[in-house]
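# Structure assessment
Listed here are the chains, written in short residue letters.
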Amino acid sequence: MGDTGARTASSYRNPRQEPTSMPRLALYALVVCVLAVVAAVVSFVQGNWLGIVWVLLAGLSSNMGWYYLRRAKFERAASATEAS
């Protein structure tokens, strides 16, 4: 038939692959945050109040980055406790 159990994020990883130092989604969110801040600064310097949207996007992507970093930290801690 098939496995009907729930899969964790660690079950999708290749066991021979070394873990990365920063999760990929957190890195993408950080890049989006930096680009949004730059776009907001450029927008405000040009006198365009549309920069407020860029500030909001920077805040959202910053929160996403923190979320994915903390989630990876908790997953590493959980896998360390399972291994011991």
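Owing to the predicted nature of the structure, the values given are computational and were not obtained by experimental measurement. (Residues numbered from 1 in each chain as written. Predicted model: local features only at pLDDT ≥ 70, side-chain atom pairs only at ≥ 80, totals over all residues. Heavy atoms only, no water.)

### Remarks on the overall build of the protein chain
What counts, and what does not: The numbering of helices and of strands both runs from the N terminus, where a helix is a DSSP run of H or I of at least 4 residues and a strand a run of E of at least 2. Throughout, exposure labels follow a simple rule: accessible area from a 1.4 Å probe, protein chains only, divided by the maximum for the residue type, with under 20% read as buried, over 50% as exposed, and the rest as partly exposed. Two residues form a contact once any of their heavy atoms are found within 4.5 Å. Areas reported as accessible are Shrake-Rupley estimates using a 1.4 Å probe. Residue values count occlusion only from the protein chains shown.
Secondary structure assignment for the protein chain yields two helices and zero strands. Relative to its full complement of 84 residues, the protein chain shows a buried share of 15%. Across the protein chain, contacts joining residues at least 24 apart in sequence account for 58% of those joining residues at least 6 apart. Working note: accessible area of the protein chain is about 7200 Å², and carbon and sulfur atoms make up 65% of it.

### Quick look at the packing of aromatic side chains
The criterion, for reference: In this scheme Phe, Tyr and Trp rings, the latter by its six-membered ring, pair at centre separations within 6.5 Å, and the angle between planes marks the pair as stacked below 30 degrees, edge-to-face above 60, and tilted otherwise.
All told, the structure shown has two aromatic pairs when counted by the stated rule. When the ring of tyrosine 67 is compared with that of tyrosine 68, the centres are 5.2 Å apart and the planes differ by 70 degrees; the resulting orientation is edge-to-face.

### Some remarks on helix H2 (residues 51-83)
Selection criterion: Take the residue count of a helix, subtract one, and multiply by 1.5 Å to get its expected span.
Relative to the 48 Å expected for 33 residues at 1.5 Å per residue, H2 spans 48 Å between its end C-alpha atoms, a close match to the ideal helical length. Residues of H2 that are buried make contact with helix H1 (24-45).

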